[in-house]
Amino acid sequence: MTIDGNYGVPGSLDRVLRAVADERVAQDRRWGVQEGLTDGTGPDRGEEADLARRETERASGEGRLTWRHVLWEEVLEAFAEEDPDRLRAELTQVAAVAVKWIQDLDRRASRDRFRAIVDVHVLLVRDGEVLLGRRSGTGYADGLWHLPSGHLEAGESVTAAAVREAREEVGVLVDPADLAFAHVMHRAPERVGLFFVAEKWAGEPYNAEPDKCSELGWFPLDRLPEDTVGYPAEALRGIRGGEAFGLYGF
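Residues numbered from 1 in each chain as written. Predicted model: local features only at pLDDT ≥ 70, side-chain atom pairs only at ≥ 80, totals over all residues. Heavy atoms only, no water.

Enquirer: What am I meant to see in the overall build of the protein chain here?
Expert: Secondary structure assignment for the protein chain yields 6 helices and 8 strands. Each helix (α) and strand (β) of the protein chain, taken in turn from the N terminus, gives the series α-α-α-α-β-β-β-β-α-β-β-β-α-β. Relative to the 2.2 N^0.38 estimate, which gives 18 Å for 250 residues, the radius of gyration of the protein chain is 29 Å and therefore markedly larger than a compact globule would have. Reported as C-alpha extents along the three principal axes, the dimensions of the protein chain are approximately 85 × 45 × 35 Å. When contacts within the protein chain are restricted to residue pairs at least 6 apart in sequence, those whose partners lie at least 24 apart make up 65%. (Helix = DSSP H or I, 4+ residues; strand = E, 2+ residues; numbered from the N terminus. Rg over C-alpha atoms; globule rule 2.2 N^0.38 Å. Contact = heavy atoms within 4.5 Å.)

Enquirer: Is there a simple way to explain the packing of aromatic side chains in this structure?
Expert: One pair of aromatic rings is described through two measures. These are the centre distance and the angle between the planes. Inspection of the entire model under this criterion finds 5 aromatic pairs. Ring centres of Trp67 and Trp101 lie 6.3 Å apart, and the angle between their planes is 15°; on these two criteria the pair is classed as stacked. In this pair, Trp67 is assigned in helix α3 (residues 67-79) and Trp101 in helix α4 (residues 84-111), connecting sequence segments 34 residues apart. Accessibility expressed as a relative area gives 25% for Trp67, which makes it partly exposed. For Trp101, a relative accessible area of 27% translates into the label partly exposed. In this structure, Arg187 is placed above the aromatic ring of Tyr231, and the distance from its NZ or CZ to the ring centre is 3.7 Å. (Phe/Tyr/Trp six-rings, centres within 6.5 Å; stacked < 30°, edge-to-face > 60°. Buried < 20%, exposed > 50% of the residue type's maximum accessible area, 1.4 Å probe, protein only. Lys NZ or Arg CZ within 6 Å of the ring centre and 35° of its normal.)

Enquirer: How should I be thinking about helix α6 (residues 230-240) in this particular structure?
Expert: What sets the pattern is the α-helix's 3.6 residues per turn: residues three or four places apart point alike. Turning to α6, its buried residues number three or more, namely Tyr231, Pro232, Ala233, Ala235, Leu236 and Gly238. Buried residues along α6 sit in contact with β1 (117-126), β3 (145-146), β5 (179-187), β6 (191-198) and β8 (245-248). Two residues or fewer after α6 comes Gly242, characterised by a positive phi angle close to 80°.

Enquirer: Just to check I follow, could you spell out the nonpolar core for this structure?
Expert: Generally speaking, nonpolar side chains in soluble globular proteins are found buried as a group. In terms of nonpolar packing, the biggest core is built from 17 residues, with Leu123, Val130, Leu132, Leu147, Phe195 and Leu224 touching the most fellow members. Of all the secondary structure elements, the ones that give two or more residues to this core are β1, β2 (129-135), β5, β6 and α6. If one sorts the elements of this core by residue count, α6 sits on top with 4 residues. The residues touching Val130, leaving out its near neighbours within four places in the chain, are Leu123, Leu124, Leu147, Gly217, Trp218, Phe219, Leu221 and Leu224. (Core = buried A, V, L, I, M, F, W, Y, C linked by side-chain atoms within 4.5 Å.)

Enquirer: What is the right way to look at the pairing of β2 in this model?
Expert: Regular strands place their side chains on alternate faces of the sheet. Across the 7 residues that make up β2, a large majority, 5, are buried. Relative to β2, β1 runs antiparallel, the two being bridged by 2 bridges. Looking across to β2, one finds that Arg126 is bridged to Glu129. The pairing of β2 with strand β7 (residues 213-220) spans 7 bridges and is classified as antiparallel. Its bridge partner lying in β7, Leu131 is registered against Trp218. Pairing between β2 and β3: 2 bridges, direction antiparallel. When the sheet's bridge partners are listed, Gly133 is paired in β3 with His146. (Pairing = 2+ DSSP bridges.)

Enquirer: Teacher, can you tell me more about the environment of Ile117 here?
Expert: Relative to the helices and strands, Ile117 resides in strand β1. On a C-alpha basis, the gap between Ile117 and Glu153 in space is 10.0 Å, while along the polypeptide they are 36 residues apart. When residues no more than four places from it in sequence are discounted, the contact partners of Ile117 are His151, Glu190, Arg191 and Val192.

Written out as structure tokens, the structure reads:
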């Protein structure tokens, strides 16, 4: 979820306000600090404000409301104010709507960019064998063998995700320092899988998620069961061959 206050996130409030501040500095450098101007506002602009308000209400009722309607109403309401405190409040609303519009533009652009789903996979290796679990009751590849794995969660590092998946699925504790990166696989069209090898961990592996796994088994790295999920089987072949990168499904 995008949070407005997270600077650097597309459409974040901090990012837009930083751009506004930079623009103010640029304006001062070009035009100087503009002070002493009269407001030029007053109740004689009230009829225009009323027209803008009615147009905005009509557009909203007809399902055709736009940012232009919202901002223009706020601008004209500010133009109709003479009292400094009320004018300041209206201008604050104008600025707030303009900033929100910019945020929406930023998020609109980010929605058009490609975003990958990242998952992590853990190879627990002992005496030349790798631990696999037979999937069951998940709705994906049930009955086939797979590595302990799962999706990267928001705000989580890939190593933290690998540690978490090993603990949740097979009940062992892996020190992040004992994870060795082995392979990255881009799976068509939008998934990126990261594979880590661990040869040290605390605890004896067991089936910690019996609702998602029917059994565990140790298999030689060069003799995987034929009913292994396709892409981890391909990744394991690449890892045995020293390949750090692979494509699948393209």
